[in-house]
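Observations on chain architecture
Here is how the chains run, residue by residue.
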Amino acid sequence: MKLNRKWINEEFVDLSHISDKEFVDTLTVFGQKVETYERLDSEIKNVVVGKVLSIVRHENSDHMWVCQVDVGAKEPVQIVTGAQNVKQGDLVPAALHNSYLPGGIHITKGKLRGEVSCGMLCSLKELNLTLGDFPYAIEDGIWIIEEDCKPGDDINTVIGNDDTIVDFEITNNRPDCYSIIGLAREAAAAFGQPMRHHEPVVKGSDAGSMYEKLDIEVPAEELCNRYTARMVTNVKIGPSPKWMRQRLRANGVRPINNIVDITNYVMLEYGQPMHAFDYRYVGSGKIVVREAEEGESLTTLDGNVRTLTPGMLVIADGDKPIGLAGIMGGENSEIVDDTVTVVFESANFDGTSIRKTALALGMRTDASAKFEKNIDPMMTVPAVERACELVELLGCGDVMDGMVDIINYVPAPHTVKLEPAKINALLGTNISKEQMVSYLSLLEIPVEDDEILVPSWRPDLNLMADIAEEVGRSYGYNEIPTTTLKIAARGGYSPKMLFESACGKACRALGYNEIITYSFVSPEIFDRIRLPEGSALRNPMRIQNPLGEDTSVMRTTALPSMLDILSRNMAYRNKSVKLYELAKIYLPKEGQLQPEEPKILVLGSYGDNADFFSIKGELEAIFAALRIKKASYVADRNNPSYHPGRCAAVSIDGVQVGHIGQLHPLVAENYDMDAPVYCAEINLEVLMTQQLPEPTYKPLPKYPTVTRDLALVCNEDVTVAEAENVIRKAGGKLLRDVALFDIYRGASIGDGKKSLAFSLSLRADDRTLTDTDSEQVVTNILNALAKDLDAILR
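For the structure given in this document, a descriptive report is provided here. (Residues numbered from 1 in each chain as written. Predicted model: local features only at pLDDT ≥ 70, side-chain atom pairs only at ≥ 80, totals over all residues. Heavy atoms only, no water.)

**Examining the overall build of the chain**
Summing up its helical and strand segments, the chain has 20 helices and 39 strands in all. For 794 residues, the compact-globule estimate of 2.2 N^0.38 gives 28 Å, and the chain exceeds it by more than 25% at 44 Å. Taking the principal axes of its C-alpha atoms as reference, the chain extends roughly 130 × 75 × 65 Å. Per-residue burial for the chain yields a buried fraction of 49% across its 794 residues. Expressed as a percentage of contacts within the chain between residues at least 6 apart in sequence, the contacts between residues at least 24 apart total 69%. (Helix = DSSP H or I, 4+ residues; strand = E, 2+ residues; numbered from the N terminus. Rg over C-alpha atoms; globule rule 2.2 N^0.38 Å. Buried < 20%, exposed > 50% of the residue type's maximum accessible area, 1.4 Å probe, protein only. Contact = heavy atoms within 4.5 Å.)

**Comments concerning unusual backbone geometry**
Within the chain, Ser284 stands out as a residue other than glycine whose phi angle is a positive 65°. Within the secondary structure, Ser284 sits in the loop between β14 (274–278) and β15 (286–291). A residue is classified by how much of its surface remains accessible, and Ser284, at 63% relative accessible area, is exposed.

**A closer look at the sheet that holds strand β37 (residues 735–744)**
The four strands are arranged β37-β38-β36-β39 in an open sheet whose pairing can be described as antiparallel. This sheet does not close on itself; its edge strands, each paired only once, are β37 and β39 (792–793). Bridge analysis of strand β36 (residues 706–715) against strand β38 (residues 753–762) gives ten bridges, and the strand direction is antiparallel. Bridge pairing in β38 links Leu710 to Phe758. Contacts from helix α19 (residues 720–731) reach β36, β37 and β38, with the element oriented near 150° to β37. Set on the sheet, helix α20 (residues 771–789) makes contact with β36, β38 and β39; between it and β36 the angle comes to about 15°. (Pairing = 2+ DSSP bridges. Axes fitted to C-alpha atoms, helices over the stretch in contact; angles between N-to-C directions.)

**Structural notes on the packing of helix α6 (residues 258–270) against helix α9 (residues 380–394)**
Between α6 and α9, the least distance of the axes is 10 Å, while the angle of their chain directions is 135°. Taken together, the axis directions place α6 and α9 in an arrangement best described as oblique. By crossing handedness, the relation of α6 to α9 is classed as right-handed. For the pair formed by α6 and α9, the contact residues are Asn258, Ile259, Ile262, Tyr265, Val266, Glu269 and Tyr270 on the first element and Pro382, Ala383, Arg386, Ala387, Leu390, Val391 and Leu394 on the second. Looking at the contact of α6 with α9 residue by residue, the class counts come to eleven nonpolar, one polar and two charged. (Parallel < 35°, antiparallel > 145°, perpendicular 65-115°, else oblique. Left-handed = near helix turned anticlockwise from the far one by under 90°. Nonpolar A, V, L, I, M, F, W, Y, C, P; charged D, E, K, R; others polar.)

**With respect to the side chain of Thr300**
Structurally, Thr300 can be placed in the loop between β16 (297–299) and β17 (305–307). Side-chain polar atoms of Thr300 contact the side chain of Asp302, separated by 2.5 Å. Residue contacts for Thr300: discarding those within four places in its chain leaves Arg306, Leu324, Met328, Gly329, Gly330, Glu331 and Met363. (Polar contact = N/O pair within 3.5 Å; in protein donor to acceptor, adjacent residues only side chain to side chain.)

**So, the packing of aromatic side chains**
One pass over the structure, following the stated rule, counts eight aromatic pairs. Plain terms: the ring middles of Tyr518 and Phe520 are 5.3 Å apart, the flat faces sit at 20° to each other, and that makes the pair stacked. Classification of Phe520 as partly exposed rests on a relative accessible area of 30%. Among the aromatic side chains, those forming a connected cluster through ring pairs are Trp7, Trp243 and Tyr265. Lying across the ring of Trp457, Arg185 places its NZ or CZ 3.8 Å from the centre. (Phe/Tyr/Trp six-rings, centres within 6.5 Å; stacked < 30°, edge-to-face > 60°. Lys NZ or Arg CZ within 6 Å of the ring centre and 35° of its normal.)

**Some remarks on the sheet that holds strand β24 (residues 415–417)**
Here we have three strands laid out as an open sheet, ordered β24-β26-β25, and antiparallel in their pairing. If you trace the sheet from one side to the other, it starts and ends with β24 and β25 (447–448), each paired once. Where β25 meets strand β26 (residues 451–453), two bridges bridge the pair, whose relative direction is antiparallel. Note on β26: the bridge partner recorded for Glu448 is Glu451.

**A word on the packing of helix α10 (residues 420–427) against helix α12 (residues 464–475)**
Running from amino to carboxyl end, α10 crosses α12 at an angle of 70°, the nearest separation of the two axes being 9 Å. Relative to α12, the element α10 is oriented roughly perpendicular. Crossing handedness for the pair α10 and α12: right-handed. Contact with α10, carried on its side by Lys422, Ile423, Leu426 and Leu427, involves Met464, Ala465, Ile467, Ala468, Val471 and Gly472 of α12 and no other residues of that element. Grouping the constituent residues of the contact of α10 with α12 by class yields eight nonpolar, one polar and one charged.

**What about the environment of Glu59?**
Relative to the helices and strands, Glu59 is located in the loop between β3 (45–57) and β4 (65–70). Considered as a pair, Glu59 and Glu115 are 56 residues apart in the sequence and their alpha carbons are 8.7 Å apart.

**Describing the nonpolar core**
Counting 51 residues, the largest nonpolar core has Phe23, Phe168, Ile259, Ile262 and Phe344 as the members making the most contacts within it. In this structure, Phe168 is in contact with Met1, Leu3, Phe23, Leu27, Gln32, Lys33, Val34, Glu35 and Leu183, ignoring residues within four places of it in sequence. Residues Met231, Leu324, Val343 and Phe371 belong to the second largest nonpolar core, which totals 37 residues. (Core = buried A, V, L, I, M, F, W, Y, C linked by side-chain atoms within 4.5 Å.)

**Points about the state of the cysteines**
Tallied over the full model, the rule gives zero disulfides. You can see Cys224 has no disulfide; the closest cysteine sulfur is in Cys388, sitting 18 Å from it. Looking at Cys224, the relative accessible area reads 0%, which means it is buried. For Cys507, which is in no disulfide, the shortest distance to another cysteine sulfur is to Cys503 and amounts to 4.5 Å. Judged by its relative accessible area of 0%, Cys507 is buried. (Disulfide = S-S within 2.5 Å.)

**Section: the pairing of strand β11 (residues 164–168)**
By the criterion of burial, β11 is predominantly enclosed, with five of the five residues buried. Note: strand β1 (residues 2–4) against β11, three bridges, orientation antiparallel. By the bridge assignment for β11, Leu3 is matched with Val166. The sheet contact formed by strand β2 (residues 34–39) and β11 spans five bridges and is antiparallel. Looking at β11, one finds that Val34 is bridged to Phe168.

**Quick look at the pairing of β36**
Here β36 pairs with β39 via two bridges, running antiparallel. Bridge pairing in β39 links Val713 to Ile792.

**Regarding the pattern of salt bridges**
In this structure the tally under the stated criterion is 54 salt bridges. Between Lys33 and Glu169 there is a salt bridge, and its shortest N-O distance comes to 3.4 Å. Placement of Lys33 in the loop between α2 (20–29) and β2 and of Glu169 in the loop between β11 and α4 (180–190) is noted, with a sequence separation of 136 residues between them. Given the relative accessible area of 44%, Lys33 is considered partly exposed. A salt bridge links Asp338 to Arg280, with the shortest nitrogen-to-oxygen separation between them at 2.4 Å. Of the two residues, Asp338 sits in the loop between β20 (328–329) and β21 (342–349) while Arg280 sits in the loop between β14 and β15, which places them 58 residues apart along the sequence. Within the structure, one salt-bridge network assembled from shared partners comprises Arg174, Asp176, Glu186, Arg458, Asp460, Glu470 and Arg473. (Salt bridge = Lys/Arg side-chain N within 4 Å of Asp/Glu carboxyl O.)

**A closer look at a nonpolar patch on the surface**
A contiguous nonpolar surface patch, about 220 Å² in accessible area, is contributed by Met378, Ile407 and Val410. Position of Ile407 relative to the elements: it lies in strand β23 (residues 404–407). (Patch = residues over 30% accessible without salt bridge, like charges linked within 9 Å, V, L, I, M, F, W, Y side chains within 5 Å. Areas by Shrake-Rupley, 256 points an atom, 1.4 Å probe, with all protein chains shown as cover.)

**Some details on the environment of Tyr136**
In this fold, Tyr136 is placed in the loop between β10 (119–121) and α3 (155–159). Between the C-alpha atom of Tyr136 and that of Tyr409, which follows or precedes it by 273 residues, the distance is 46 Å. At 3.4 Å, the side chain of Tyr136 and the side chain of Trp143 are in polar contact. A polar side-chain atom of Tyr136 sits 2.6 Å from a polar atom in the side chain of Glu147.

**Concerning α10**
Given 3.6 residues per helical turn, the α-helix brings residues three or four places apart onto the same face. By the burial criterion, the buried members of α10 are Ile423, Asn424 and Leu427. Taken end-on, α10 shows its buried residues confined to a sector of 95°, consistent with a single buried face. Facing away from the buried side of α10 by over 90 degrees, the exposed positions are Ala421, Ala425 and Leu426. Of the surrounding secondary structure, the elements contacted by the buried residues of α10 are α11 (433–442) and α12. Positioned one or two residues after α10, Gly428 has a phi angle of 75°, which is positive. (Arc of directions from axis to C-beta.)

Structure (structure tokens):
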């Protein structure tokens, strides 16, 4: 929303003593954010009014003239011009030596065919003006000034450029600020000044009653909250006065003629869009506010034919549409030079309906933009009255008696209780009730008996917090003292978040780099990792509006995402890579709308020192860092994504937490990887349940440790983990540690056999162990091994 400062200074509140910088800074802090501001005279410099004292033909040109021009200096200046409409005595715009024109055009002293020219005489176009700004001028030629001015006057003052335009970013909950009056009210309150108001006064005439000429019907009641109309006859179409043209131009509106300019002026001033119809084109003397019918069309004022559809709100006469409600009028009812009688429309239409129609037709206008903000229905009458007052002020017609005002909806008056204690508690201030009332009074929000009577133009005031905002910005946000937060601080990391953080830290300490991949993937991933048909993982949740087929489902396994990144790194010839991800997967659950979303730790590596035992050792290091109970690894030949002889299921206390192993060669081939790749997938949700308690301090042992070595002969299919588990169970409390230190296969052992050598650490907390104690533990272990694994002492 643009605001020119001269308008509010002259009409509403005089802030001419306030600098532009102070004005925009104060309004921004007050809650009306200023996007930009600019001086209208910033582009035109050293251009003045000049009076042509003499004009003679150029000796070396058949179309140029040499002028002596009085520019208010001690001596006249000589300017050469090619214009043919200049004569002695004319007042003209003179761009002097070292002057600037719009567009950055720099004018300097020079010679034209041998004659010195100390500047240039300007046309309207060269000053970025049009015939709408000064209708008496000519389009092609020097502008002959007819304004009240004298030689030497700055041309910016003559054309009204001695002004500042401030562009505000208005929030949608403040439709009142989409008007000059609304912003003037804010400016007056921000600087603590009373605002001058003007109530429109229409004197009327003896031109008759509009009720005899016009009938109005509003069958589309739900889409038209209020429809107000007045009529003006004996209209004299002509240019608007200079002050109105300047205000319109400063706010980005092109002056057209007095009647159209009045409607635009009122829209800017009150924020209420208006429209003027030529009465002679209102068929049957009737205006009908209705929805468009199938097959109807309308040529709008911009000359485009608009095809209408049911649901679009139109202004029609007895036969046809003559305007798109709240958007643009029709060409068939346009105000033209010979218009005699005018119907002024000031209505309040449903914002949602206007927005849908504007979008459907691709023609968003200033009027539709305002209606979209749900402007105040109570503004229609003051706006149409102001338009009629301006008609009388400009002497461009006779206002007929009567006004049609059809009301279908107006907001019910409501109040908000003034609660100073709560407001101060919310703001952290100590503002008195009287001061609060004073602030609200400057904002023209009345207070009676501790009840705030919310004006119809402030739909944003509904709660105590809204009132606190008004008080706070009036008091000054920068004036509110800094205080310590008085509530107990809450928040922090949850146990799950701490666990995931520790997991990531452990991975990074082992040389792994974290990756983050998308949760939505292609359905083709299941084939690439060789998931069999019928697998529950092949039933993912589909996305209703995917970006494409490659991102159309939510992943049920995180392995393909890791393989994508590993494959890319291998394609980039990265020789050795170690990656991890804490990936969320989405597992649909029958009878449940939302899926289960467990986090999975995925490890992936290839290259130097990458093998099964390396990744197993790294996984055990991660478990140790997370204080996880001892894990067991059992060969798994049924996992289709992993090498059948190099894959293990990872379990803790009999609960499977994931898999580890070398990627299946066919899966690696599907991802264009030609080197062995090792991966691990661990369910963090399950892993967290296997965490040991927080460690507690234990004193160093007082008694020595006894070691015994056992070399066992067992079948080839017995795993180290199985043997170790039997040893630990049979060893009892005296067995403190078990460590494998050798595996042997040879002819002396026999076919299908192998030797496993373990070191046992034995210790008691209350005594030194005797040989008898140690032998008894070893005997128990050997008996258990022979019974459970058919293993014997070598």
